[in-house]
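# Geometric and topological summary
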Amino acid sequence: YGGRFHQWVMTDNPKPYGSFGNGSAMRVSPIAWFYRKQDEQDMLAVAAASAQCTHNHPEGIKGAQTVALAIRHCASHFHDQGEKVNKETILEALQPALHFSGYDIYIDKRKVQNRFDETCQGTVPVALWIISESTSFEDAIRKAVSLGADADTLGAIVGSIAEAIWGIPEEIKERALTYLPNEMKKVYYNFCS
């Protein structure tokens, strides 16, 4: 956890603290999956609510909503409609999220490599750029992690969107689940059912 989040979680009466950190974007994927076949405005409202408890700055909220939109529309294009996955269709699926956020995903890799930026506006566009340049779930994760800096958060955001496009390969999913305690596995299986 970041220092401000750690302070927040340890207080007796935690209140929002105006953060626009990327944690709101990192943790929004279950909302996107749960609400993906429901009204989009409802999903955006719940994504905002999930951010507001800690990341109540407008950029923190926008980052969470943007990732939720990316997941929703990628899942619709590639899971529901069965579109062929290529750079063009990925960019098409990302358009609602890009339009909503105004983020520019035409990024010079040299400007973001090993550059620590824990903000939504510094991380979410990079995640969307990585998605647009990737060819598989594993390729997307490798690109995110190899960029350096806040690789775990970037990997989580990229992975949540990549799952909506390519799914998670079974062997990766099975291996990842071995690292979770039984209590967390139970939550995961309940959510999936």
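All values reported here derive from a predicted model rather than from experimental measurement. (Residues numbered from 1 in each chain as written. Predicted model: local features only at pLDDT ≥ 70, side-chain atom pairs only at ≥ 80, totals over all residues. Heavy atoms only, no water.)

Looking now at helix H8 (residues 120–132). Here H8 is 13 residues long and its end C-alpha atoms lie 18 Å apart, about the 18 Å a rise of 1.5 Å per residue gives. Burial analysis of H8 places 12 of its 13 residues in the buried class, the great majority of the element. Among the residues making up H8, those that are buried are Cys-120, Gly-122, Thr-123, Val-124, Pro-125, Val-126, Ala-127, Leu-128, Trp-129, Ile-130, Ile-131 and Ser-132. Check the buried side of H8 and you find it contacts helix H2 (23–26), helix H5 (58–80), helix H6 (87–101), helix H7 (109–112), helix H9 (137–146) and helix H10 (151–166). (Helix = DSSP H or I, 4+ residues; strand = E, 2+ residues; numbered from the N terminus. Expected span 1.5 Å × (residues − 1). Buried < 20%, exposed > 50% of the residue type's maximum accessible area, 1.4 Å probe, protein only. Contact = heavy atoms within 4.5 Å.)

This next bit is on the packing of H5 against H10. Interaxial distance between H5 and H10 falls to 7 Å at its minimum, and their mutual angle equals 20 degrees. Between H5 and H10, the angle is such that the two are roughly parallel. From H5, Val-67, Ala-70, Ile-71, Cys-74, Ala-75, Phe-78 and His-79 reach across to H10, where they touch Ile-157, Ser-160, Ile-161, Glu-163, Ala-164 and Ile-165. Counted by class, the contact of H5 with H10 contains 10 nonpolar, 2 polar and 1 charged residues. (Axes fitted to C-alpha atoms, helices over the stretch in contact; angles between N-to-C directions. Parallel < 35°, antiparallel > 145°, perpendicular 65-115°, else oblique. Nonpolar A, V, L, I, M, F, W, Y, C, P; charged D, E, K, R; others polar.)

All right, on to the layout of surface pockets then. Considering only enclosed or pocket space, the largest pocket measures out at about 1,200 Å³ in volume. Lining the largest pocket are 28 residues, and of these Ser-29, Glu-163, Ile-168, Leu-180 and Tyr-188 lie nearest its centre. Looking at the lining of the largest pocket, the elements that each hand over two or more residues are helix H3 (29–35), H9, H10, helix H11 (170–178) and helix H12 (182–192). By residue number, the principal contributor to the lining of the largest pocket is H10, which donates 7 residues. When its residues are assigned to classes, the lining of the largest pocket shows 19 nonpolar, 5 polar and 4 charged. (1 Å grid on protein atoms, 1.4 Å probe; cavity = no way out; pocket = protein on both sides within 12 Å on 5 of 7 lines; lining within 4 Å. Points joined across faces, edges and corners; volume = space filled by probe spheres on them.)

Moving on, we get to the nonpolar core. In this structure, Leu-128, Ile-131 and Ile-161 are the most contacted members of the largest nonpolar core, which totals 49 residues. Broken down by element, the residue count for this core peaks at 10 residues, all from H5. Excluding its chain neighbours within four sequence positions, the residues that come into contact with Ile-161 are Val-67, Ala-70, Ile-71, Cys-74, Leu-128 and Ile-131. (Core = buried A, V, L, I, M, F, W, Y, C linked by side-chain atoms within 4.5 Å.)

Locating Glu-138 in the fold gives a position in helix H9. Residue class for Glu-138 comes out partly exposed when judged on its relative accessible area of 36%. Here the alpha-carbon distance between Glu-138 and Gly-159, two residues 21 residues apart in the chain, equals 8.7 Å. A distance of 2.7 Å separates polar atoms of two side chains, one belonging to Glu-138 and the other to Arg-142. (Polar contact = N/O pair within 3.5 Å; in protein donor to acceptor, adjacent residues only side chain to side chain.)

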